[in-house]
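# Analysis of the macromolecular model
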Amino acid sequence: MTAPATGRRCRHAFEAASVHANGDVVCSIIDGRGEYVLGNVHQSSLHDILRGPRAEELRRLVVSTDDAYCRAVGKTCALKTLPAPPGEVVHTRLRFLAIEPTTTCDLRCLSCPIRDIAGDTSWRDAYADGGMAFAAWDITRRAKQTLADGVQRVLPATWLRPVPERSRAEALLLRGRMPAGRRGTLPLDVVCRVMDEAGPQVERLDFFNYGEPFLYKPLVPALRHARQALPRAVIAISTDGQHVRPETEAALVDERLVDCLVFSVDGVDEDTYQRYRIGGTFARAWAHLSRAAARAAGTPVRVVWQYVVFRWNDDDRHLDRAMAMAAELGVPIWFDFAHTWGRSERAPDDLRRVAFNLRPFTALPGEPRQQGW
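These numbers were taken from a predicted model, which means no experiment stands behind them.

This part covers the pairing of strand S13 (residues 260–264). Most of S13 is tucked away, with five of its five residues classed as buried. Here S13 shows two buried faces, one formed by Cys260, Val262 and Ser264 and the other by Leu261 and Phe263. Direction of pairing for strand S12 (residues 234–239) relative to S13: parallel, over a ladder of four bridges. What sits directly across from serine 238, in S13, is valine 262. For the crossover that starts at S12, traverses helix H9 (residues 246–254) and ends in the parallel S13, the hand is right-handed. Here five bridges tie S13 to strand S14 (residues 302–309), and the two strands are oriented parallel to one another. Bridging from a neighbouring strand, leucine 261 pairs with valine 303 of S14.

Core analysis: the largest hydrophobic core is formed by 83 residues, its most contacted members being Leu97 and Trp305. At seven residues, helix H11 (residues 282–296) tops the list of elements feeding residues into this core. Residue contacts for leucine 97: discarding those within four places in its chain leaves Ala17, Val19, Leu46, Val194, Ala198, Val202, Arg204, Leu205 and Asp206. Leu107, Ala126, Val308 and Ala338 belong to the second-largest nonpolar core, a separate cluster that totals 18 residues.

Okay, the layout of surface pockets next. Taken as a whole, the second largest pocket encloses approximately 310 Å³ of empty space. Contributing to the lining of the second largest pocket are 16 residues, with Asp116, Gly119, Arg142, Arg177 and Met178 lying nearest its centre. Split into classes, the residues belonging to the lining of the second largest pocket amount to four nonpolar, six polar and six charged.

The next point concerns the pattern of salt bridges. With the rule as written, the count across this model stands at 35 salt bridges. Note that aspartate 138 and arginine 142 form a salt bridge whose closest N and O atoms lie 2.9 Å from each other. One end of the pair is aspartate 138 and the other is arginine 142, both in helix H5 (residues 126–154) and four residues apart, which spans about a single turn. The pair formed by aspartate 138 and arginine 142 is uniform in burial state, with each residue classed as buried.

This paragraph deals with the side chain of asparagine 313. Along the polypeptide, asparagine 313 turns up in the loop between S14 and helix H12 (316–329). Taking relative accessible area as the criterion, asparagine 313 reaches 0% and is therefore assigned buried. Of the polar contacts made by the side chain of asparagine 313, one reaches the backbone oxygen of valine 308; its length is 3.1 Å. Non-local contacts of asparagine 313, meaning those with residues more than four positions away in its chain, are made with Asp266, Gly267, Thr272, Tyr307, Val308, His318 and Leu319.

All chains considered together, the criterion is met by two cavities of 30 Å³ or more. As a volume, the largest cavity reaches approximately 120 Å³. Around the largest cavity, the lining is made up of 14 residues, and of these Phe14, Leu50, Arg59, Arg93 and Leu94 lie nearest the centre. Every element with two or more residues in the lining of the largest cavity is listed here: helix H1 (12–15) and helix H3 (53–62). Per-element tally for the lining of the largest cavity: the top contributor is H1, with four residues. The residue makeup of the lining of the largest cavity, split by class, is eight nonpolar, two polar and four charged. In this model, the second largest cavity occupies a volume close to 90 Å³.

Let us now look at the packing of aromatic side chains. Throughout the structure, instances matching the rule amount to twelve aromatic pairs. Look at phenylalanine 96 and tryptophan 373: their rings are 5.7 Å apart centre to centre, the planes differ by 75°, and that puts the pair in the edge-to-face class. Remark: tryptophan 373 occurs in the segment after strand S15 (333–337) and phenylalanine 96 occurs in strand S10 (residues 96–99); sequence separation between them is 277 residues. A single burial state applies to phenylalanine 96 and to tryptophan 373, both of which are buried. Plain terms: the ring middles of tyrosine 273 and phenylalanine 282 are 6.2 Å apart, the flat faces sit at 65° to each other, and that makes the pair edge-to-face. A relative accessible area of 9% means that phenylalanine 282 is categorised as buried. Its end group placed over the ring of phenylalanine 14, arginine 9 keeps NZ or CZ at 5.3 Å from the ring centre. Lying across the ring of tryptophan 341, arginine 311 places its NZ or CZ 5.0 Å from the centre.

What counts and how
- Residues numbered from 1 in each chain as written.
- Predicted model: local features only at pLDDT ≥ 70, side-chain atom pairs only at ≥ 80, totals over all residues.
- Heavy atoms only, no water.
- Buried < 20%, exposed > 50% of the residue type's maximum accessible area, 1.4 Å probe, protein only.
- Helix = DSSP H or I, 4+ residues; strand = E, 2+ residues; numbered from the N terminus.
- Pairing = 2+ DSSP bridges.
- Right-handed = clockwise from strand over helix to strand, strands pointing away.
- Core = buried A, V, L, I, M, F, W, Y, C linked by side-chain atoms within 4.5 Å.
- Contact = heavy atoms within 4.5 Å.
- 1 Å grid on protein atoms, 1.4 Å probe; cavity = no way out; pocket = protein on both sides within 12 Å on 5 of 7 lines; lining within 4 Å.
- Points joined across faces, edges and corners; volume = space filled by probe spheres on them.
- Nonpolar A, V, L, I, M, F, W, Y, C, P; charged D, E, K, R; others polar.
- Salt bridge = Lys/Arg side-chain N within 4 Å of Asp/Glu carboxyl O.
- Polar contact = N/O pair within 3.5 Å; in protein donor to acceptor, adjacent residues only side chain to side chain.
- Phe/Tyr/Trp six-rings, centres within 6.5 Å; stacked < 30°, edge-to-face > 60°.
- Lys NZ or Arg CZ within 6 Å of the ring centre and 35° of its normal.

Have a look at this one:
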């Protein structure tokens, strides 16, 4: 199956799929809200969804602009970094599958979509969680979304164009609250069927997205099935580290159910960690990371420390300490620079020294991501 290309593109619209915990299929984590849903695995097979008219339209929309703006989701996409010259034919095959098993999470990290998805965190929590600056940002964001929903309710339906047909200003101003029904948990039988339908050619499975995968009760059976259904795939799981139980960890490592176990621990002490990870503790995350690293030592399972960089944990002393702690523990560290509220304001040249430790395919602030992923 092929699709014509005429502008700039990503890889995800052509080679990937992301299944949300409510069953919706979208292109990637970039569409965490579910703005452009290709179909739902509770209603159709993954095979039919990825070969359906919505998927074809997505690819056309992606290449219809020659910059990073994606008309499908109505916003700039950091993954659109590949040139797609006129006449290019892009082969479409599913190489990368992401499955979000659940949106359940007991943290309320600043600026994480879970704050909206869960529905139990409101603007009233913003000041307590992030202080006046975050409260001002969060209240403004929520007010704008509520106003957008109100405008769309009162305007005649004939005046409201679909997102791909809106101007960039319209798409921004009319983006309302998180779509109803975004939260959910995928039943094990649906997860297994999706893996079977994806096919053995899949090269990578990310069994995470938003939500905490270690709160998904059938996690181990799901990953056992993944090993059978996706024999070529590199299987990765990412966690905030708060709920990694020894028995689950033992199954993942001893049975080689994952190739990469990523702990997202965004700081080097309680102060730097808890500024973003509201409700978690650095001590617990670090203890679980340390235990998993010890268990995986000498096995093919790779335990990785991911450090999301914000302006409150981007000082040289923080980054140097993190690299030293990772070296002492014997694990690689990936720095991933946030693009949301609180992002680092340091110049790329000031951070060049940590470029070797960037999360794969990401980039320093102000620089483009790599290879369209």
